[in-house]
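# Architecture at a glance
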Amino acid sequence: MTLWLEALGRWGLGVFQRLGRGHLFLFRILAGLPTLLSRPRLLVTQLHAVGVLSLVIIVVSGLFVGMVLGLQGYNTLVDFGAEESLGVVVALSLVRELGPVVAALLFAGRAGSALTAEIGLMKATEQLAGMEMMAVDPLHRVIGPRFLAGFIAMPLLAAIFSAVGVFGGYFVGVGLLGVDDGAFWSQMQAKVDLYEDVYNGVIKSVVFGFVATWIAVFEGYDAPPTAEGVSRATTRTVVHSALAVLGLDFVLTALMFGE
Amino acid sequence: MPQDPADDALIRVEGVHFARAGRPIFSGLDLTIRRGRVVAIMGPSGTGKTTLLRLIGGQLRPDAGRIVVDGEEVARLGRSALFKLRERMGVLFQSGALLTDLNVFDNVAFPLREHSALSEVMIRDLVLMKLEAVGLRGARGLMPSELSGGMARRVALARAIALDPMLVLYDEPFTGQDPISMGVLVRLIRRLNDAMGLTSVIVSHDVQETAAIADDIYVIVGGRVIESGSAAALTASESPWVRQFMQGEPDGPVPFHYPAPDIDADLLGEGEA
Ligand SMILES: Nc1ncnc2c1ncn2[C@@H]1O[C@H](COP(=O)(O)OP(=O)(O)OP(=O)(O)O)[C@@H](O)[C@H]1O
Ligand SMILES: [Mg+2]
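Here's a quick rundown of the structure. (Residues numbered from 1 in each chain as written. Chains lettered and ligands numbered in written order. Predicted model: local features only at pLDDT ≥ 70, side-chain atom pairs only at ≥ 80, totals over all residues. Heavy atoms only, no water.)

## Section: the overall build of chain B
The cut-off we apply is this: Working definition: helices are DSSP H or I runs of at least four residues, strands are E runs of at least two. Numbering for both runs from the N terminus. In this treatment the radius of gyration is a C-alpha quantity, and the globule benchmark scales as 2.2 Å times the residue count to the 0.38 power. Three exposure classes are used, based on accessible area relative to the maximum for each residue type with a 1.4 Å probe and protein chains only: buried under 20%, partly exposed in between, and exposed over 50%. By the convention used here, residues are in contact when the closest approach between their heavy atoms is within 4.5 Å. For the area figures, the Shrake-Rupley method with a 1.4 Å probe applies, and any residue is considered shielded solely by the protein chains shown. Just so you know, the count uses Lys and Arg for positive and Asp and Glu for negative, and it drops His and the chain ends. The atom standing in for a charge is NZ when the residue is Lys, CZ when it is Arg, CG when it is Asp and CD when it is Glu.
Helix and strand counts for chain B stand at ten helices and ten strands. A compact globule built from 273 residues would reach a C-alpha radius of gyration of about 19 Å, and chain B, at 20 Å, matches this within 12%. Dimensions of chain B, computed from the C-alpha atoms along their principal axes, are close to 65 × 50 × 40 Å. Burial analysis of chain B (273 residues in total) assigns 49% to the buried set. Counting contacts in chain B only where the partners sit at least 6 residues apart, residues at least 24 apart contribute 62% of the total. When the accessible area of chain B is evaluated, it comes to approximately 12900 Å², of which 53% is carbon and sulfur surface. Across chain B, the centroid of the 28 positively charged side chains sits 7 Å from that of the 35 negatively charged ones.

This is the structure we're talking about:
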C-alpha cells in the first residue's frame, strides 16, 4: 500500500516538475522571440520546413474529408428533401470542427514529430551544448524560430484544409450527385457566419497550433540524449498533441457554442 | 572584481570536488593555467578531462571549490555574464559537435555571424583563412555528414578559433589525424597561441606530440593532479604514475580498468548474487 502511494507520489511529482519545466521553457522562448525580428531568414526557413512541407498531406486529406462529408451529408439530407443545404453542412462541419481539429492532428503527426526528432537529435549529438559554449542560446537560435513557425503555420494550414474540403464537398455534391450549384453556394453564404463560425474556427486553430508546437519543441528539448530517448519523445509528441487538441477542442467548443 | 595586475593566471581551479551519479570524479583538484601558455592536461581515459573542460566552460558546476576564469568565478556568473565570458572562449568538442544542417563554411562562419557585425565579405575572408589553416579550404561546401572523423575535428577546430578568443580549450584535437595532419595541427596550435597571444588548454592522449608543444603539463589520475611541470621535467620524473603514463607502459600504478569486481568472481556470476 505504501509502495503504491510512493509510486503515485513520485509520478505526480514528476508530472508537475515536467509541467514546470515546460512553462519556464515557454517563457524563455517567448522572451527570446524579439531577437528574431532582426533575423527573419531563420523564421522563413522554418516556415518552409514546418508549413510548406506539410501542405501536401493537408491538401490531400482536406479534399478527401470534404468529399466524404459531401457524400454522407447528401445521403442524410436527401431523405428530408433538404439536399440544397449540403453546402451549409459541409462548410460548417469543416470551419467549426474538422478543419482545425483534423489539421492539428495531421500537423502534430507530420511537423510536430519532425520538430521533436530534429531537436532531440541536435541535443543527443551535442549540437545544442556546442551552441551554448559558443555563447549562442539554443532557445533563441533553434527553438524560437521553430516555435513561431508552427504557431503561424498551423492556422493557415487549417484554413487551407477547410477551403480544400469545401471544394471536395462541392465536387461530390454538385458534380457527382446533382445538387444545384447556385443553392450550394448561396445557402452556404447565407448560413455561415463570419464571427460565429469562421472566427471561432480560427481561434481554435491558433490555440491548437500553439499547444501542438509547444509540445513538440519541448519534448525534443527535454528528451534524454539517446536514440531511445529521442524515439520515445517523438511518440509522446504525437500522443500528447492529439490528446491536448481533442481535449481543448471540447473545452473551446463548449465555451463558444455552449449556450 | 578587483584583479591583481601581477596575477598572470587565466584559470584557477581551487579545491574542486565533483561527483557524477554518486561517483566522485574530482576530489580536491587544484591547477593554475597561466596566460599565454600552452597547457596540456593528461590522464587516463575516464579520469574526467572532458568533465574538467565543461566545468571551466560553466556547463557543469563544481560541488565544492571554485573555478575562476579571467578573474570571474564561473559558477557564480549569471546567464548573460557567462555568455559574455564564453564569447572569449573557443571550445573544440571531443565529438566535434558541428551543426549538421550547415555546411563546413557556414559552421565556421556561425560564431562570426552570431557575435560580430562583420560584413559577409569580411566573414568570407576570415572563414577561408581559418579553413586554410586547417587545410580544408577546398572542403568548404561539404556537409558535416560528408566529412571523415578527422576532417570534422579540423573543421571544429577552425570554428573554435573563428572569433580569435583569448582562451581555447581543445578536447582531443589530434584524435583520428594521420601523422601529417597531426604534425600540422600541433604546430598550428602552438603558432596560433604565440601569434595571437592566446592561452591554450589541450586535453590529449597523444603524449609525445602534446608534450612537444606544451609549456606546462598536468597529469590527473584518480581525481587529483598527481604531477605537474614542464614537459622535460615530467619526462624525467621519477613518479611511477607519470613514468607509466608518459611511456605508455601497460604495467604500473595507473589502472587500465574501470573499477570492477574481481574478474573470476564476475565470470562465475558471484557478483550479482
Ligand atoms: N553524463 C554522465 N553521467 C554520469 N557519469 C558520467 C557522465 N559523463 C561522464 N561520466 C563519467 O565521468 C567520468 C569522466 O568522464 P570524462 O568524459 O570527463 O572522461 P575523460 O577524461 O574525458 O575520458 P576520455 O579520455 O576517454 O575522453 C567517466 O568515468 C564517466 O563514466
Ligand atoms: Mg574526454
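Additional details are given in the paragraphs that follow.
## Regarding the sheet that holds strand β2 (residues 23-34) of chain B
Residue and element names in this part refer to chain B. Keep this limit in mind: Only strands joined by at least two bridges in the DSSP assignment are considered to pair. Each axis is a line fitted through C-alpha atoms, and for a helix only the stretch in contact is used; angles between axes span 0 to 180 degrees, taken between their N-to-C directions.
The sheet built from four strands is open, its strands ordered β2-β1-β4-β5 with antiparallel pairing. What marks the edges here is a single partner per strand, and that holds for β2 and β5 (72-73). Sheet topology places strand β4 (residues 64-69) next to β5; two bridges connect them, and they run antiparallel. Counted as the bridge partner of Val-68 is Glu-73 from β5. The sheet contacts of helix α1 (residues 49-56) involve β1 (9-20), β2 and β4, and relative to β1 the element is tilted by about 120 degrees.

## Overview of the site of ligand 1
All names here are of chain B. Stated formally: By convention in this text, a residue qualifies as near a molecule or strand provided that one of its non-hydrogen atoms is within 4 Å of it. N or O atoms closer than or at 3.5 Å make up a polar contact, with two conditions inside protein: a donor-capable atom paired with an acceptor-capable one, and, for residues adjacent in sequence, both atoms drawn from side chains. In this classification, Asp, Glu, Lys and Arg are treated as charged, Ala, Val, Leu, Ile, Met, Phe, Trp, Tyr, Cys and Pro as nonpolar, and every other residue, Gly included, as polar.
Contacts to ligand 1 come from 14 residues, most closely from Arg-23, Ser-45, Lys-49, Thr-50 and Thr-51. Within the side chain of Ser-45, a nitrogen or oxygen atom sits 2.5 Å from an oxygen atom of ligand 1. A distance of 2.9 Å separates an oxygen atom of ligand 1 from a polar backbone atom of Gly-48. In the complex, 67% of the free accessible area of ligand 1, which totals 640 Å², lies under the protein chains. Along the lines of polarity and charge, the residues of the shell around ligand 1 split into two nonpolar, eight polar and four charged.

## Details of the coordination of the magnesium ion (ligand 2)
All names here are of chain B. What counts here: Coordinating N, O and S atoms are those within 2.8 Å of the metal (3.2 Å for Na, K and Ca), and as water is not part of the atoms, a site may appear to have fewer donors than expected.
The magnesium ion (ligand 2) binds to the protein through Thr-50 (OG1) and Gln-94 (OE1), with metal-donor distances spanning 1.9 to 2.3 Å. Taken as a pair, Thr-50 in helix α1 and Gln-94 in the loop between β6 (89-92) and α3 (104-115) lie far apart in primary sequence, 44 residues in all. Gln-94 sits in the partly exposed class, given a relative accessible area of 36%.

## Overview of the side chain of Lys-204 of chain A
One can find Lys-204 of chain A in helix α8 (residues 194-222). Leave out the neighbours within four places in its chain, and Lys-204 of chain A touches Arg-96, Glu-97, Pro-100, Asp-249, Leu-252, Thr-253 and Met-256 of chain A.

## Quick word on a nonpolar patch on the surface
Residue and element names in this part refer to chain A. Inclusion rule: Residues enter a patch when their relative accessible area is above 30% and they make no salt bridge; the linking distance is 9 Å between like charges and 5 Å between nonpolar side chains (Val, Leu, Ile, Met, Phe, Trp, Tyr). Put simply, a salt bridge is a Lys or Arg side-chain nitrogen that is within 4 Å of an Asp or Glu carboxyl oxygen.
Together, Met-1, Trp-4, Leu-5, Leu-8, Trp-11, Val-15, Phe-16 and Leu-19 line one region of the surface with nonpolar side chains, adding up to about 970 Å² of accessible area. Tracing the chain through its elements places Leu-5 in helix α1 (residues 2-32). Under the relative-accessibility criterion, Leu-5 is labelled partly exposed at 45%.

## Topic: the sheet that holds strand β10 (residues 224-229) of chain B
All names here are of chain B. With mixed pairing, six strands are arranged side by side in an open sheet as β6-β7-β8-β3-β9-β10. Edge strands, defined here as strands with exactly one partner in the open sheet, are β6 and β10. On average, each strand axis in the sheet is inclined to that of its neighbour by 15 degrees, with strand direction left out of account. Across the face of the sheet, helix α5 (residues 149-160) comes into contact with β6 and β7 (167-171) while running at roughly 175 degrees to β6.

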